[in-house]
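Understanding the architecture of this molecule
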Amino acid sequence: MQRTAILGAIGLLAVAAVSSCTTPARHSPQSLNLFAWSEYVPWSVIDGFTRETGIAVNYETYASNEEMLAKLISGAQRYDLIQPSEYTAEALIKERRLMPIDWSKVPNIRNVGAQYQHLRHDPDQQYTVPWMVGSVGIVVNTAKVADDIKGYADVFREPHKGRIVVINDPREIVSWALATIGKDPNDVTPETLAQIEPLLRRWLPLVKVYDSDSPKTALLNGDVDLGIVWSGEAALLYRENPRFRYILPAEGAHQFIDSLAIPANAANPDAAMAFMNYILRPEVSRLISAEFPYTNPNLEARKLLSAAELANPASYPPGDPRLVTFGDIGPSAVQIDKLVTDLKAAS
Amino acid sequence: MRTTATAFAAPVGPSRPPTPTAWLLIAPLVLWVAVFVVAPTLIMLVYSVSTRGTLGGVVFGFTLENYAALLDRTYLYIIVRSIGFAAITTAICLLAAYPAAYRIGRAAERWRHRLLMLVMIPFWTSFLIRTYAWVTILKNEGPLNGLLVHYGLIGEPLELLYTSGAVVLGLVYTFLPFMILPIYASVEKLDPALVEAALDLGAAPLRAFWKVIVPLTAPGIRAGVLLVFIPALGIYAVNDILGGGRVDMIGNIIENQFKGTARNWPFGSALAVVLILAFALAFWLTSAQEAAEHRGAEEPAVTVP
Amino acid sequence: MPGRGAVVKQINRLLTLWTGLVLGFFYLPLAVLIGFSFNRSRLNIVWEGFTLDWYAAIWRDPVLVDALVNSLIVAVVTTALSVVLGTGGAWILYRYRFPGARVLQTLAFTPMIIPEVIIGVSLLILFVTVHLELGYATIIISHVTFCFPFAMIAVQARLAGLDPALEESALDLGATPARAFRDVLVPFLAPAIIAGALMSFTLSLDELIVTYFTASASTRTLPLEIFGRIKKGLDPTLNAISTVFIVSTVGLVLAGELLRRRSR
């Protein structure tokens, strides 16, 4: 047993020595600290950037905006690029945590559609470069569900009891209820929360699975028949089997915009802006679309997409849907969390 | 040989005050605990009385509102439910682990280590993949239901997944090795002659087991209970996946404050502080009681400083 | 006593059967994991056909291999430190009586109860305050902090049954306390030390949340990598690399046994 351990340890050290040669470079003048969603930046894009500019990229990842904020505000690392969702970007801008972008260094911003710029989270389009756009909508396994689902109210009906999956995001859940009673999803006050409580009290016991990480699992497994999920998940489901249709709810849906932004204390803002300009090139942006079938805000890149990609209704929903971005709601987030926790425990 | 030795109290052998060299040994432990346990706990304590920052984090101050917020029916219900799950898991683990640990501990020497490795190897794969494997096994269209339906035991697939039962299954699966190992370590040192003697003295095997073997392996049992129950209280991932996100536990509530919508670090810290205090109190009291028993058994007339 | 012997034998057989069942229980998800590593479907949810592509994919994925190596390095060092701290701690609390011993013990066990996200955040703040850069050191420190209580508890349980005469006689025969410790006590404690080491290794290898907070971009571990890929779908490359790891571990152990047998 002892000898095995020693052999094993030596073997490990050898492997470690070899592998450390491939470990990315530490932060130096010619390196970029990228802090982004896991699996949201293709390695082909990163490698391409490094090859062209010689700037090494240290890619650190997170799985939620709040995780990103936790590490960002701790000050443990100085990041050059982060990838906040729109309501997080709004909060960061309010708190003066982002560096304004020198657009002369990022001229490719003109490739981004006008409808994705100057939105409420960054009205002067000063701090963010849109990365990917998506929505939160209804996905239906048409092989199992015959009814015509048009909105949230159609999803949360008794016949679907125990056959529904939703993302485990209290803010989202509350926004669906608010939209159903005709309110703006950003209108979160104790009064509006009290107004939607009876509705949620009816809805939540019908849910079988809450899953923000991989809601497609339950759908593919056949444990649930319909749900409310991210459009990217729906697009992956559609690619897997076209019987999974994506529908944007008639009451209104959340359109999220993930953007690249530069923290105010970035060490390498020039490298950051170079990266921003790089990914805005149509041929680079289409690489991102190929791996992550969200809605690409880069209209020039869309011209390079295949017909199949553009036909995916989850990536590029047809029609003229009612889409709303989320704003920063501050301390009301606590009440949302409490409401959903209460109702989940009661159901 | 002591038969009532415990694992809660520091087993007090012929203990004496430390020699100077002994202090050199004690120092690293004290240092480690002071820096990496005490300091972070104090940080958390400070956070628990602060207010929520806009981006997460805290705004320093002093308020007890976070502790007050805990006195809520929902949170109390969740705490009780967590304790319940942890207790059931520990009980099942104990019953399931003991026979196996006993068998492994009494196996031929060359087999013991192999068996231990066999026990641990599945847990060197990613927890996520393992748990999703259970999702695959338990799902409606999965092999378990498939087998049951095929052999006519049930007509329709059972809803096994996304239930409390699935959560308990996942918890038992996760913690069973941590019950087996300490019990094994206790069983392994059992003198075979002692076991023989117990059986020879005319006791039915069950009585021999209960009256002789179990008390001798009590330290291992108590260690196992500790190593399962305590971490099980803080569980969040197993129940999240196998319970369909419907079975929130203490761990989930705390996690949500840091990684979810609420961005309420002070509240999460407060709940954690309560959890730690409850544990520390329980631990302290039980070890005080056991230590007193010890000193009573060893040196009846000595006063304790 | 033929009757008694038969009963004992039957009990033994039942116990062996039970142990087999428990092991079967442990390996059930592993079977699924290994099976799916040959699954043609990328989404790893339904079986679609046999392929070895994912094993090939491992070599094209330096990030994943790097993460696995990092995890192993961290786990091995964590285990070593945890065993030392745990065994040493258990021994100190056993042998010596000093003020604050019980406080020390309670504090040492506290990380078992502290939720991982709290350990992660508070240690992160600590490291930032003392300007300790995130990397291997910080990950290992955080892992050791909640792993060594497991080792300590295992060794303490074993010490509870220690016959004091054992050490006394060694000392009587002229051994120094250090030698008595090494030659008498460590062998006695070996099963508990091994148990503690196995638990520490397992805990460290699969640690996710604390590692998120205390790792840097260049020190990603396997659980971080795997969790990151879950949104796209846990593709079978992850199953493949897990299978490779298991097979290599078993291979190493078998190799070690062969060596030991040959050296006899």
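All of these numbers come straight from a predicted model, not from anything done at the bench. (Residues numbered from 1 in each chain as written. Chains lettered and ligands numbered in written order. Predicted model: local features only at pLDDT ≥ 70, side-chain atom pairs only at ≥ 80, totals over all residues.)

Quick notes on the overall build of chain B
Our working definition: Going along the chain from the N terminus, every DSSP run of H or I of four or more residues is numbered as a helix, and every run of E of two or more is numbered as a strand. Any residue whose C-beta has 12 or fewer other C-beta atoms within 10 Å is treated as exposed, any with 20 or more as buried, and any in between as partly exposed, C-beta atoms being built from the backbone. This entry defines residue contacts through backbone-placed C-beta atoms, with two residues in contact when those atoms are within 7 Å.
Of regular secondary structure, chain B possesses 13 helices and two strands. Across the 305 residues in chain B, those meeting the buried criterion constitute 50%. A separation threshold of at least 6 residues defines the contact pool for chain B, and within that pool the share at least 24 residues apart is 70%.

Observations regarding the overall build of chain A
What counts, and what does not: For a compact globule the rule gives 2.2 Å times the number of residues to the power 0.38, and the radius of gyration it is set against comes from C-alpha atoms.
The helix and strand inventory of chain A stands at 14 helices and ten strands. Taking 347 residues into account, the globule formula puts the C-alpha radius of gyration at 20 Å, and chain A, at 22 Å, falls close to it. If you line up chain A on its principal axes, its C-alpha atoms span 65 × 60 × 45 Å. The buried share of chain A, reckoned over its 347 residues, is 50%. Taking all contacts inside chain A whose residues are at least 6 apart in sequence as the whole, residues at least 24 apart take part in 76%.

Quick notes on unusual backbone geometry
Leaving glycine aside, a negative phi is the common case for residues, and trans is the common case for peptide bonds. The backbone of Arg96 of chain A sits at a positive phi, close to 55°, despite the residue not being glycine. For Arg96 of chain A, the location among the structural elements is in the loop between helix H4 (86–94) and strand S4 (128–141). Overall, the presence of 8 C-beta atoms within 10 Å leaves Arg96 of chain A in the exposed class. One non-glycine residue with positive phi stands out, namely Tyr162 of chain B, at about 60°. With respect to the helices and strands, the residue Tyr162 of chain B is situated in the loop between helix H6 (143–150) and helix H7 (164–188). With 28 C-beta atoms counted inside 10 Å, the residue Tyr162 of chain B sits in the buried group.

What about the interface of chain C and chain B?
Interface size, as often reported, equals the accessible area lost upon joining of the parts. Put simply, the rule reads: Ten residues, namely Ala, Val, Leu, Ile, Met, Phe, Trp, Tyr, Cys and Pro, are considered nonpolar, four, namely Asp, Glu, Lys and Arg, are considered charged, and the remaining ones, Gly among them, are considered polar.
In this complex, chain C contributes 85 residues to the contact, which on the side of chain B involves 87 residues. Top contributing element to the side of chain C that touches chain B by residue count: helix H1 (residues 2–36) of chain C, with 17 residues. The residue makeup of the side of chain C that touches chain B, split by class, is 63 nonpolar, 15 polar and seven charged.

Some remarks on helix H4 (residues 109–120) of chain B
Residues and elements named next belong to chain B. Put simply, the rule reads: By this rule, a helix spans an expected 1.5 Å times one less than how many residues it contains. This arc describes the spread of directions from the helix axis toward the C-beta atoms.
End to end, H4 covers 18 Å across twelve residues, agreeing with the expected 16 Å (1.5 Å per residue, within 8%). Within the span of H4, buried status applies to Leu115, Leu116, Val119 and Met120. All buried residues of H4 lie within an arc of 130° about the axis, which places them on one face of the element. When the buried face of H4 is taken as reference, the exposed residues oriented beyond 90 degrees from it are Arg110 and Trp111.

A few points about the pairing of strand S1 (residues 31–37) of chain A
All names here are of chain A. Stated formally: By definition, two strands form a pair when at least two bridges between them are found by DSSP. Handedness of a crossover is defined as follows: with both strands directed away from the viewer, a clockwise route from the first strand across the helix to the second makes it right-handed.
The element S1 is extensively covered by neighbouring structure, given that seven of its seven residues are classed as buried. Bridge count between S1 and strand S2 (residues 56–62): seven bridges; the pairing is parallel. Residue Ala36 lies in a different strand from S2, and its bridge partner there is Thr61. A crossover connection joins S1 to the parallel S2 through helix H2 (residues 43–53); in handedness this β-α-β unit is right-handed. Bridge count for S1 against strand S3 (residues 81–82) is two bridges, and the pairing is parallel. Bridge pairing links Leu34 to Leu81 in S3.

Overview of the domain arrangement of chain A
All names here are of chain A. Definition in use: Those domain boundaries reflect an automatic or database domain assignment.
By domain assignment, chain A separates into domain 1 (28–132 + 257–311) and domain 2 (134–255 + 319–346). Between the C-alpha centres of domain 1 and domain 2 there is a distance of 27 Å. Contacts between the two partners involve 14 residues from domain 1, matched on the other side by ten residues from domain 2. If one sorts the elements of the side of domain 1 that touches domain 2 by residue count, H4 sits on top with five residues. Residues that form the side of domain 1 that touches domain 2 fall into these classes: eight nonpolar, two polar and four charged.

Considerations on helix H3 (residues 73–105) of chain B
Because the α-helix completes a turn every 3.6 residues, residues three or four places apart line up on one side. Note the following rule: To get the bend at a given residue, fit one axis to the seven residues ending there, fit another to the seven starting there, and take the angle between those axes.
The end-to-end C-alpha distance of H3 of chain B, which contains 33 residues, comes to 46 Å, matching closely the 48 Å that a straight helix rising 1.5 Å per residue would cover. At Ala97 of chain B, H3 of chain B shows its maximal kink, close to 35°; a proline, Pro99 of chain B, follows between one and four residues later.

Overview of the confidence of the model for chain B
All names here are of chain B. This is how it is decided: The pLDDT value tells you how sure the predictor is about a given residue, anywhere from 0 up to 100.
Across chain B, the average pLDDT comes to 85, with 89% of residues at 70 or higher. Contacts for the low-pLDDT stretch residues 1–9, under 50 throughout, to residues beyond four places or in other chains number 27 contacts. Here residues 298–305 is a poorly scored stretch, pLDDT under 50, and it has two contacts once near neighbours within four places are set aside; other chains count. For this predicted complex, the interface confidence reaches an ipTM of 0.88, while the overall pTM sits at 0.89.

Quick look at the nonpolar core
As a reminder, the rule being used: Structurally, a nonpolar core is described as a collection of buried Ala, Val, Leu, Ile, Met, Phe, Trp, Tyr and Cys residues joined by way of C-beta atoms within 7 Å.
Counting residues in each nonpolar core, the largest one holds 271 residues, and the members touching the most others are Leu81 and Val139 of chain A, Ala101, Ile180 and Tyr184 of chain B together with Ala151 and Ala154 of chain C. The dominant element in this core, judged by the number of residues it contributes, is helix H3 (residues 62–95) of chain C, at 17 residues. Not counting residues within four places of it along the chain, the set of residues in contact with Ile180 of chain B comprises Ala97, Ala100, Ala101 and Val119 of chain B.

What about the environment of Gln195 of chain A?
Assignment of secondary structure puts Gln195 of chain A in helix H7 (residues 190–203). With 64 residues separating them along the chain, Gln195 of chain A and Ser259 of chain A place their C-alpha atoms 33 Å apart.

Brief notes about the confidence of the model for chain A
Within chain A, residue pLDDT values average 90, and 92% of them lie at 70 or more. Across residues 17–26 of chain A, where pLDDT falls below 50, the model places 14 contacts with residues more than four positions away in sequence or in other chains.

Regarding the packing of H3 of chain B against H7 of chain B
Residues and elements named next belong to chain B. The cut-off we apply is this: Only the contacting stretch of a helix is used when fitting its axis, a line to C-alpha atoms as for every element, and angles between N-to-C directions run 0 to 180 degrees. Should an angle fall under 35 degrees it is called roughly parallel, over 145 degrees roughly antiparallel, and 65 to 115 degrees roughly perpendicular, with every other angle called oblique. For any pair of crossing helices, the crossing counts as left-handed if the nearer helix is rotated counterclockwise from the farther one by less than a right angle, and right-handed if it is rotated clockwise.
Closest axis-to-axis distance for the H3/H7 pair is 6 Å, and the angle between their directions is 45°. Compared by their axis directions, H3 and H7 come out oblique. In terms of crossing hand, the pair formed by H3 and H7 is right-handed. When the residues that make up the contact of H3 with H7 are grouped by side-chain class, the tally is 23 nonpolar, two polar and one charged.

Focus on the pairing of strand S7 (residues 226–230) of chain A
All names here are of chain A. Here S7 lies mainly inside the structure; five of its five residues are buried. The pairing of S4 with S7 spans five bridges and is classified as antiparallel. In the strand pairing of S7, Ile138 is matched with Ile228. Of the strand pairs in this sheet, strand S5 (residues 164–166) and S7 are connected by three bridges, and their pairing is parallel. What sits directly across from Val166, in S7, is Ile228.

Here's the deal with the packing of H3 of chain C against helix H6 (residues 136–159) of chain C
All names here are of chain C. Following both chains from N to C, one finds H3 and H6 inclined at 40°, their axes separated by 6 Å at the closest point. Compared by their axis directions, H3 and H6 come out oblique. Between H3 and H6 the crossing geometry is right-handed. Residues Val74, Val77, Thr78, Leu81, Ser82, Val83, Leu85, Gly86, Thr87, Gly89, Ala90 and Tyr94 of H3 lie in contact with H6, whose contacting residues are Tyr136, Ile139, Ile140, His143, Val144, Cys147, Phe148, Ala151, Met152, Val155, Gln156 and Leu159. Residues of the contact of H3 with H6, tallied by class, amount to 17 nonpolar, seven polar and no charged.

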